[in-house]
Amino acid sequence: MTAHQKIIADKKSAIPDDAAMLRAAVELTKDISAARAVIYWPDCFVSAAVGYVALAAAILVREPWLAVVCGLVAALALYRALLFIHELTHIHKNALPGFRFAWNVAVGIPMLTPSFMYENVHTLHHARTRYGTAEDPEYLPLALMKPWSLPAFVAVAALAPVALLFRSAVLVPLGAIFPPLRTVVWERFSALSINPGFRRRPPEGAFARMVLWQELGASAWALTLLASTQVIGWRPLVIALAVFSLTAVLNQLRTLVAHLWENDGEAMTVTAQYLDSVNVPPPGWLAPLWAPVGLRYHALHHLLPSLPYHSLSEAHRRLSAHLGDGSTYAGAHYGGMMPLLAKIARSTMVRR
């Protein structure tokens, strides 16, 4: 552990900004800040295609071991495709024409997680005055909570696919008939958030129109899935839900180690936010599997939220060379998922 990693044990909101690091982050990455369609399109949709083919194989094959292997491949490939929802919240709306629509049709709606569930939500997590506070939809002081909170946090993700199916097939259609229910569903069950106190504001303008067609698509697909059980039985849907459940659990584990979750609820400087976040740089070879689409550089992403995922590795190389091993920048680097899980678990066991 570096000296900067030890800082995080202190009051997070008191950490001042490292002006040299912030300046270097901007100046060293100006030439790699454009999202490249030639990378985004094949990466996302080849991943989705591999995932769906593997899912079909998991449903069709009869050998249990082969079905499990295919299910694992499907979960990892669809996980990668699904996490492009994170990129959609940050790239400029004109950067990749057609990509948002194509992603929703090919990934978001089939997995009952259309992009509106993250857009205009995740950006609140990056707001300077919201991060780590009660107004942050994606933050809980997990490291300061009880030991049982961590397994509960992960276990609830296993139920996410069933909850999403129920939302789109039942709650959204009923909400179209009963406005009070529609309000509750939007405020509490329309965002990919982990803060139970978060209440979402009503959509407006062009975003409201986007929400409408995505909700219609997701509900139509959810009802089709349920209707299909009367024709082909429950086995295909149950297997698909199991694969999506594994994807959700993997994402929840990644979320659990994306930050240190040690903030006391007060607003933080950008540097404090950075040190409360996590980079898992090379040489670890498993990180691209459990933190794909650049999310192994989550702390760096908090320094440069609009930098496309394919540029994060080069940005990390440049900043590491420029700032050095003893810098604040190096203070957010960790060795992998297991050490981070152990760290946060130990933190929950401290009597306060």
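Residues numbered from 1 in each chain as written. Predicted model: local features only at pLDDT ≥ 70, side-chain atom pairs only at ≥ 80, totals over all residues. Heavy atoms only, no water.

### Things to note about empty space enclosed by the protein
Gaps left between atoms show up when a probe the size of a water molecule is rolled over them.
Right, so step 1: This model, assessed by the stated rule, comprises 2 cavities of 30 Å³ or more.
Right, so step 2: Its boundaries defined by the atoms lining it, the largest cavity holds a volume of some 60 Å³.
Right, so step 3: Every residue along the wall of the largest cavity is listed here: Leu256, Val257, His259, Leu260, Trp261, Glu262, Leu340, Lys343 and Ile344.
Right, so step 4: Taken together, the residues that form the lining of the largest cavity break down as 6 nonpolar, 1 polar and 2 charged.
Right, so step 5: The volume enclosed by the second largest cavity comes to roughly 50 Å³.
Right, so step 6: Around the second largest cavity sit Arg254, Val257, Ala258, Val278, Val280, Trp290, Ala291, Leu295, Arg296 and His298, which together line it. (1 Å grid on protein atoms, 1.4 Å probe; cavity = no way out; pocket = protein on both sides within 12 Å on 5 of 7 lines; lining within 4 Å. Points joined across faces, edges and corners; volume = space filled by probe spheres on them. Nonpolar A, V, L, I, M, F, W, Y, C, P; charged D, E, K, R; others polar.)

### Notes on the layout of surface pockets
Right, so step 1: In this structure, the second largest pocket spans a volume of roughly 430 Å³.
Right, so step 2: Forming the walls of the second largest pocket are 19 residues, and the residues nearest its centre are Val172, Arg182, Trp186, Val211 and Glu215.
Right, so step 3: Counting residues per element, the ones that place at least two in the lining of the second largest pocket are α9 (160-177), α10 (179-189) and α11 (205-232).
Right, so step 4: Split into classes, the residues belonging to the lining of the second largest pocket amount to 12 nonpolar, 3 polar and 4 charged. (Helix = DSSP H or I, 4+ residues; strand = E, 2+ residues; numbered from the N terminus.)

### Side note on the packing of aromatic side chains
Right, so step 1: Taken as a whole and assessed by the stated rule, the structure comprises 13 aromatic pairs.
Right, so step 2: Measuring from ring centre to ring centre gives 6.1 Å for tyrosine 40 and phenylalanine 84, while their planes differ by 65°; the resulting arrangement is edge-to-face. Placement of tyrosine 40 in helix α3 (residues 37-60) and of phenylalanine 84 in helix α5 (residues 84-88) is noted, with a sequence separation of 44 residues between them.
Right, so step 3: Given a relative accessible area of 0%, tyrosine 40 falls into the buried group.
Right, so step 4: Aromatic side chains tyrosine 40 and phenylalanine 99 sit 5.8 Å apart centroid to centroid with 90° between the ring planes, which places their arrangement in the edge-to-face category. Remark: phenylalanine 99 occurs in helix α6 (residues 99-108) and tyrosine 40 occurs in helix α3; sequence separation between them is 59 residues. Assigned by exposure class, tyrosine 40 and phenylalanine 99 land together as buried. (Phe/Tyr/Trp six-rings, centres within 6.5 Å; stacked < 30°, edge-to-face > 60°. Buried < 20%, exposed > 50% of the residue type's maximum accessible area, 1.4 Å probe, protein only.)

### Some words on the confidence of the model for the protein chain
Right, so step 1: Averaged over every residue, the pLDDT of the protein chain is 93; residues scoring 70 or more account for 96%.
Right, so step 2: For residues 1-9, every residue scores under 50 in pLDDT, and the model assigns this stretch 20 contacts once sequence neighbours within four places are set aside. (pLDDT = per-residue confidence, 0-100. Contact = heavy atoms within 4.5 Å.)

### Considerations on α6
Right, so step 1: Among the 10 residues that make up α6, 7 are buried, leaving the element largely enclosed by the rest of the structure.
Right, so step 2: Buried residues of α6: Phe99, Arg100, Ala102, Trp103, Asn104, Val107 and Gly108, and no others.
Right, so step 3: On its buried face, α6 sits against α3, α4 (64-82), α5 and α11.

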